[in-house]
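# Structural overview
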Amino acid sequence: QVQPVESGGGLVQAGGSLTLSCAASGRTFSTFSMGWFRQAPGLERDFVAGISWLGSTLYADSVKGRFTISRDTAKNTVYLQMNSLKPEDTAVYYCAAGDRVYGSSSKLYDYWGQGTQVTVSS
């Protein structure tokens, strides 16, 4: 069993930066694909970024060039560096882990965190 635990959310002004962290509870993340998703009020949960256990990355078009996903195997932690934040980035951000091929579908991920709120003010 793997339990992702997110942290680092908060309130930031447009144009600012924020780094989210996702730590593992239970088994190590090292052989898991990891993903970040977000859900704004009234909308579906959308893919943001993913990273394979080998370090390959994938991004949603809406965040490409602004967000960076990375992982620190020694710390069993995955990060989402968010730069040039926009009000439309406001959402609850979820970390997810899966032992299948990584991708943008939420169905590829079996374990989900509780989420952390990110609010970007204009």
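Conventions we followed
- Residues numbered from 1 in each chain as written.
- Predicted model: local features only at pLDDT ≥ 70, side-chain atom pairs only at ≥ 80, totals over all residues.
- Heavy atoms only, no water.
- 1 Å grid on protein atoms, 1.4 Å probe; cavity = no way out; pocket = protein on both sides within 12 Å on 5 of 7 lines; lining within 4 Å.
- Points joined across faces, edges and corners; volume = space filled by probe spheres on them.
- Helix = DSSP H or I, 4+ residues; strand = E, 2+ residues; numbered from the N terminus.
- Salt bridge = Lys/Arg side-chain N within 4 Å of Asp/Glu carboxyl O.
- Buried < 20%, exposed > 50% of the residue type's maximum accessible area, 1.4 Å probe, protein only.
- Pairing = 2+ DSSP bridges.
- Axes fitted to C-alpha atoms, helices over the stretch in contact; angles between N-to-C directions.
- Phe/Tyr/Trp six-rings, centres within 6.5 Å; stacked < 30°, edge-to-face > 60°.
- Lys NZ or Arg CZ within 6 Å of the ring centre and 35° of its normal.

### Let's talk about empty space enclosed by the protein
Evaluation of the coordinates by the stated rule reveals one cavity of 30 Å³ or more. The computed volume of the largest cavity comes to approximately 40 Å³. Along its surface, the largest cavity is lined by F29, S30, R71, D72, T73, N76, T77 and V78. At the level of elements, β7 (67-72) and β8 (77-82) are the ones that each hand at least two residues to the lining of the largest cavity.

### As for unusual backbone geometry
Even without a glycine there, the phi angle at N76 is positive, about 55 degrees. With respect to the helices and strands, N76 occurs in the loop between β7 and β8. Within the chain, S84 stands out as a residue other than glycine whose phi angle is a positive 50 degrees. Inspection of the secondary structure puts S84 in the loop between β8 and β9 (91-98).

### Let's talk about the pattern of salt bridges
Across all of its chains, the model carries four salt bridges by this definition. In this structure, K64 and D61 form a salt bridge, with 3.1 Å as the shortest nitrogen-oxygen distance. Considered together, K64 and D61 belong to a single accessibility category, that of exposed residues. The shortest N-O distance in the salt bridge between R66 and D89 comes to 2.8 Å. Within this pair, whereas R66 is found in the loop between β6 (57-59) and β7, its partner D89 is found in the loop between β8 and β9, the two being separated by 23 residues in sequence. For R66, a relative accessible area of 10% translates into the label buried. Linked by salt bridges that have partners in common, R38, R66 and D89 make up one network.

### Points about the sheet that holds β8
The strand order across the open sheet built from four strands is β1-β3-β8-β7, with neighbouring strands paired in antiparallel fashion. With partners counted over all chains shown, the strands left at the sheet margins are β1 (2-7) and β7, one partner each. Strand-to-strand, the axes of this sheet are offset by a mean angle of 20 degrees, without reference to chain direction. Of the strand pairs in this sheet, β7 and β8 are connected by six bridges, and their pairing is antiparallel. Directly across from F67, in β8, lies its bridge partner M82.

### Re the packing of aromatic side chains
Counted by the stated rule, this structure contains five aromatic pairs. Here Y109 and W112 contribute two aromatic rings whose centre-to-centre distance is 6.5 Å and whose plane-to-plane angle is 70 degrees, an arrangement assigned as edge-to-face. A relative accessible area of 4% means that Y109 is categorised as buried. Exposure remark for W112: the relative accessible area of 22% places this residue in the partly exposed category. Here the aromatic cluster, defined as three or more aromatic residues joined through ring pairs, consists of F37, F47, Y109 and W112. Against the face of Y94 rests R45, its NZ or CZ located 3.7 Å from the ring centre. The ring of W112 has R45 sitting right over it, with the charged end atom 5.0 Å from the ring centre.

On their own, these measurements won't tell you what the molecule is for.
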